[in-house]
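Residues per chain, in single letters:
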Amino acid sequence: MNKIIEVKDLVKYFEISPAHSINKNYVKAVDGVSFDIFEGETLGLVGESGCGKSTIGRLILGLTKPTSGEIFLEGRNINSISKKELRKIRKDIQVVFQNPYSALDPKMTIEDILSEPLSIHKIVYKYDYSKEVKRLLELVGISSKDAKKFPHEFSGGQRQRICIARAIATRPKFIICDEPVSALDVSVQSQILNLLDDLQKELNVSYLFIAHSLNVIRHVSNRVAVMYLGKIVEMGTTEEIYNNPLHPYTKALFLSAPVLNPWSNKDREILSGEIPSPIFPPKGCSFHPRCKYATGICSEKKPFLQTIDGSHKISCHLYDISDKTKEVLT
Ligand code: SF4
């Protein structure tokens, strides 16, 4: 399988010190993240609010520059290419944002909204815009008769379908779906997830799917990465993560997820405590103040992401393996 996206040791620190201050403070939003995404697959990125998952999306989109690290699109480092080249490959990376209400210009018709990327990236000739808009609308389940309508004439679910149509208009290789269903009614969430799934099969596009809902991530992902305070703490296939979660944070996330009948499992653990400050993250394992398995080493030494079995990786001292075993496994 072709590697579409490769992220290597990505770091993003936001400086928050007052101007001219000698002591610099930084929000460590992303702190050494690496992953690959292959052709036609979905990598789900899950974690609590503020863990850095949306910042990763913005870094890949080029909306913010990394402090260090590299991002490759089909082998090309998108941080070191010229602006002209970057403009050319921008059509290959698209995004669907969380809020379809603010993502569409209320003064433009749907036809104009969808024609814009066709024109910017010269996808089809001008005289074919109407035909292409019709095709895109039909692909996302909106009647082509509605092309002359304005965004306010559609429901939230329909607007998200239009946002998806705009994202696929440039025939991208990769789409970042940043919480694309969390602003929608539960009744339409599964319709949008199914639409994204159908489009992936038809267009062979790859997704980075960012969400805080474990159920949503399970529904759409081939592989899953769990983030905590700017780092990936566990990564594997969806089966590996959902059938055999190993990291104490992943386990706590599962146990604190809402269930239909709250009395069905009264003993379930609730993830306690606040996420520590990303400005002054705890020494050692950043999860140690909230971890019931923490031992002395956890507040002293940082664990690193290491392969445990198959593609299952974990960053936790409970699973530290000897250097010899590590050589065999990696
Ligand atoms: Fe808990 Fe220690 Fe593992 Fe961190 S390294 S998750 S504190 S057991």
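Keep in mind that this is a model prediction, so the values were computed, not measured.

Undergrad: Give me the lowdown on the overall build of the protein, citing residues and values where you can.
TA: When helices and strands are counted, the protein shows ten helices and twelve strands. Relative to its length of 330 residues, the protein is compact, with a C-alpha radius of gyration of 21 Å against a globular reference of 20 Å. Seen through its principal axes, the protein has C-alpha atoms that stretch 70 × 55 × 45 Å. Taking the intrachain contacts of the protein between residues at least 6 apart in sequence as the baseline, contacts between residues at least 24 apart amount to 64%. Total accessible area computed for the protein in this model is approximately 17,200 Å², and 52% of it derives from carbon and sulfur atoms. Mean positive and mean negative side-chain charge positions of the protein (44 and 38 charges, respectively) differ by 4 Å.

Undergrad: Please provide a residue-by-residue account of the site of the ligand, values included.
TA: Every residue close to the ligand is listed here: His-247, Pro-248, Cys-285, Phe-287, His-288, Cys-291, Tyr-293, Ala-294, Cys-298, Cys-316, His-317 and Leu-318. Here the residues of the shell around the ligand sort into nine nonpolar, three polar and no charged.

Undergrad: I'd love a proper account of the sheet that holds strand 10 (residues 231-237), names of residues and values included.
TA: In a beta sheet, neighbouring strands pair by backbone hydrogen bonds and run either parallel or antiparallel. Ordered in space as 6-7-8-3-9-10-12-11, the eight strands form an open sheet in which the pairing is mixed. Looking at strand neighbours, the two that pair on one side only are strand 6 (93-96) and strand 11 (306-309), the edges of this open sheet. Strand-to-strand twist across the sheet, computed as the mean angle between neighbouring axes with direction ignored, equals 20°. In terms of strand pairing, strand 6 meets strand 7 (residues 174-178) through four bridges, oriented parallel. Its bridge partner lying in strand 7, Val-95 is registered against Ile-176.

Undergrad: Any details on the pairing of strand 11? Residues and values, ideally.
TA: Pairing of strand 11 with strand 12 (residues 312-314) involves three bridges; the strand directions are antiparallel. In the sheet register, Thr-307 faces strand 12, and the bridge partner there is Lys-313.

Undergrad: Go over a positive patch on the surface with me, naming the residues and quoting the values.
TA: On the surface, Lys-65, Arg-76, Lys-83, Lys-84, Arg-87 and Lys-88 cluster together to form a positively charged patch. At four residues, helix 2 (residues 83-90) tops the list of elements feeding residues into the positive patch. Considering the arrangement of structural elements, one finds Lys-84 in helix 2.

Undergrad: So what about the sheet that holds strand 5 (residues 76-77)? Which residues, and what values?
TA: Strand order in the open sheet formed by four strands is 2-1-4-5, and the pairing between neighbours is antiparallel. With partners counted over all chains shown, the strands left at the sheet margins are strand 2 (26-38) and strand 5, one partner each. Note: strand 1 (residues 3-15) against strand 2, ten bridges, orientation antiparallel. Its bridge partner being in strand 2, Val-11 is matched across the sheet by Asp-31.

Undergrad: Residues and numbers for the side chain of Thr-42, please.
TA: Position of Thr-42 among the secondary structure elements: in strand 3 (residues 42-46). Beyond its immediate chain neighbours, meaning those up to four positions away, Thr-42 contacts Gln-200, Tyr-207, Phe-209, Val-220, Ser-221, Asn-222 and Arg-223.

Undergrad: Go over the side chain of Gln-306, please, and point to the residues and values.
TA: Relative to the elements of secondary structure, Gln-306 occurs in strand 11. Here Tyr-319 takes part through its backbone oxygen, which lies 3.3 Å from a polar atom of the side chain of Gln-306.

Undergrad: Can you tell me about unusual backbone geometry, naming the residues and giving the values?
TA: Phi at Lys-122 is positive, roughly 50°, even though this residue is not glycine. When you line up the elements, Lys-122 lands in the loop between helix 3 (110-120) and helix 4 (129-139). We note that Asn-204 has phi near 55°; this positive angle belongs to a residue other than glycine. Here Asn-204 lies in the loop between helix 6 (186-203) and strand 8 (206-211).

Undergrad: Describe the pattern of salt bridges, listing the residues and the values that go with them.
TA: This structure, assessed with the given rule, holds 15 salt bridges. Across the pair Lys-231 and Asp-31 runs a salt bridge, and its minimum N-O distance is 3.6 Å. Of this pair, Lys-231 sits in strand 10 while Asp-31 sits in strand 2, and the two are 200 residues apart along the sequence. Note on Lys-231: relative accessible area 24%, which makes it partly exposed. Its relative accessible area of 16% is what places Asp-31 among the buried residues. With its nearest N and O atoms 2.5 Å apart, the salt bridge here joins Arg-223 to Glu-41.

About the cut-offs
Every residue gets a number counted from 1 within its own chain, in the order that chain's sequence is written. For a predicted model such as this one, the threshold for reporting local features is a pLDDT of at least 70, and the threshold for listing and counting side-chain atom pairs is 80 or more; totals across whole chains, interfaces and linings nevertheless cover every residue. To obtain the side-chain values, all non-hydrogen atoms of the structure were used and water was disregarded. Under the scheme used here, helices are H or I runs from DSSP no shorter than 4 residues and strands are E runs no shorter than 2 residues, and both carry numbers assigned from the N terminus. Radius of gyration here uses only the C-alpha atoms, and the compact-globule reference equals 2.2 Å multiplied by the residue count raised to the power 0.38. Contacts: residue pairs with any heavy atoms within 4.5 Å of one another. Here, Shrake-Rupley sampling with a 1.4 Å probe gives the accessible areas, and only protein chains in the shown set may cover a residue. The positive count covers Lys and Arg only, the negative count covers Asp and Glu only, and His and the chain ends enter neither. Note that the charge is assigned to NZ on lysines, CZ on arginines, CG on aspartates and CD on glutamates. Any residue with a heavy atom lying within 4 Å of a molecule or strand is counted as near it. Three categories are distinguished: nonpolar for Ala, Val, Leu, Ile, Met, Phe, Trp, Tyr, Cys and Pro, charged for Asp, Glu, Lys and Arg, and polar for the others, with Gly belonging to the last. Being paired, for any two strands, means DSSP has found at least two bridges between them. Angles run from 0 to 180 degrees between N-to-C directions of axes, and those axes are lines fitted to C-alpha atoms, restricted for helices to the stretch in contact. Patches in this entry comprise residues that are over 30% relatively accessible and not in a salt bridge; like charges within 9 Å are linked, as are nonpolar side chains (Val, Leu, Ile, Met, Phe, Trp, Tyr) within 5 Å. Criterion for a salt bridge: a side-chain nitrogen of Lys or Arg within 4 Å of a carboxyl oxygen of Asp or Glu. Polar contacts, as used here, are pairs of N or O atoms within 3.5 Å; protein pairs need one atom able to donate a hydrogen and one able to accept it. Residues neighboring in sequence count only if both atoms are side-chain atoms. Here's how the labels work: a residue is buried when its accessible area is under 20% of the maximum for its type, exposed when over 50%, partly exposed in between, all with a 1.4 Å probe on protein chains only.

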